[in-house]
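Residue-level listing of the chains:
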Amino acid sequence: MILYRVALTVDPGQLERAYHLFAELVEASRRVPGVIDFDILQDPANPHRFVSIEVYADEAAVELQDKLPQLQAVMDTLPALLTSSLTGTKFIVSASEPWP
């Protein structure tokens, strides 16, 4: 299993555009085979900050999701949307168990 966590801060003047692009990306990503979960969450303490949490069954699912036109639209628009560069972490999960 592969998990990505990506944080970004959206320019205040671009929030509506970001909402639209993120909603389309989330909807499309969740339909991709092997995408276990895909969310883009808004920070309640800072409405300009978002965190993407993406869970994939394997690298093949990541590659399929990478081909989405909705992802390309977000990537093409990022320079205009963001106030700073995004930061992220990729996790390779070899085992998991229910919690709590």
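Residues numbered from 1 in each chain as written. Predicted model: local features only at pLDDT ≥ 70, side-chain atom pairs only at ≥ 80, totals over all residues. Heavy atoms only, no water.

K.L.:
Would you take a moment to explain the pairing of strand β2 (residues 35-43) for this structure?
P.N.:
In the case of a regular strand, side chains alternate between the two sheet surfaces. Pairing of β2 with strand β3 (residues 46-56) involves eight bridges; the strand directions are antiparallel. Each bridged residue has a counterpart across the sheet, and for Gln 42 the counterpart in β3 is Phe 50. Linking β2 back to β3 in an antiparallel pair, the connection comprises two residues. (Pairing = 2+ DSSP bridges. Helix = DSSP H or I, 4+ residues; strand = E, 2+ residues; numbered from the N terminus.)

K.L.:
Would you mind going over the layout of surface pockets with me for this structure?
P.N.:
Rolling a probe over the atoms, with the probe sized like a water molecule, indicates the empty space that remains. Approximately 330 Å³ is the volume found for the largest pocket. Taken together, 18 residues make up the lining of the largest pocket; nearest its centre are Val 6, Ser 52, Glu 54, Leu 71 and Met 75. Elements that contribute at least two residues to the lining of the largest pocket include exactly β1 (2-9), α1 (15-29), β2, β3, α2 (59-66) and α3 (69-81). Among the elements that take part in the lining of the largest pocket, α3 stands out by supplying four residues, more than any other. Looking at the lining of the largest pocket, its residues break down into 14 nonpolar, two polar and two charged. (1 Å grid on protein atoms, 1.4 Å probe; cavity = no way out; pocket = protein on both sides within 12 Å on 5 of 7 lines; lining within 4 Å. Points joined across faces, edges and corners; volume = space filled by probe spheres on them. Nonpolar A, V, L, I, M, F, W, Y, C, P; charged D, E, K, R; others polar.)

K.L.:
Just checking my understanding: could you explain the pairing of β1 for this structure?
P.N.:
As defined by bridge partners, β1 adjoins β3 across eight bridges and the pair is classed as antiparallel. Residue pairing across strands places Arg 5 opposite Ile 53, the latter belonging to β3. Taken together, the six bridges between β1 and strand β4 (residues 87-92) define a ladder with antiparallel strand orientation. Looking at β4, one finds that Val 6 is bridged to Gly 88.

K.L.:
I would appreciate a short explanation of the sheet that holds β3 in the present structure.
P.N.:
As a general point, the strands of a sheet are linked pairwise by backbone hydrogen bonds and lie either parallel or antiparallel. Across the sheet, which stays open at both edges, the four strands sit in the order β2-β3-β1-β4 with antiparallel pairing between neighbours. In this open sheet, the two edge strands, each paired with only one partner strand, are β2 and β4. Each strand axis lies, on average, 10 degrees off the axis of its neighbour in the sheet, ignoring direction. (Axes fitted to C-alpha atoms, helices over the stretch in contact; angles between N-to-C directions.)

K.L.:
In this structure, what is going on with unusual backbone geometry? I would like to understand it.
P.N.:
It is generally the case that most residues other than glycine have a negative phi and that most peptide bonds are trans. For the bond from Trp 99 to Pro 100, the omega torsion is -10 degrees, close enough to zero to count as cis. Within the secondary structure, Pro 100 is located in the segment after β4.

K.L.:
Before we go on, may I ask you to explain the pattern of salt bridges in this structure?
P.N.:
For side chains of opposite charge, pairing can occur when their charged atoms come near one another. For the coordinates displayed, the defined rule picks out four salt bridges. The salt bridge involving Asp 39 is made with Arg 30; its shortest N-O contact spans 2.4 Å. Salt-bridge contacts for Glu 59 lead to Lys 90; the nearest nitrogen and oxygen are separated by 3.5 Å. Taken together, the positions of Glu 59 in helix α2 and Lys 90 in strand β4 put the pair 31 residues apart, joining distant regions of the chain. Accessibility expressed as a relative area gives 34% for Glu 59, which makes it partly exposed. Judged by its relative accessible area of 41%, Lys 90 is partly exposed. (Salt bridge = Lys/Arg side-chain N within 4 Å of Asp/Glu carboxyl O. Buried < 20%, exposed > 50% of the residue type's maximum accessible area, 1.4 Å probe, protein only.)

Everything listed here is a matter of geometry and, on its own, says nothing about what the molecule does.
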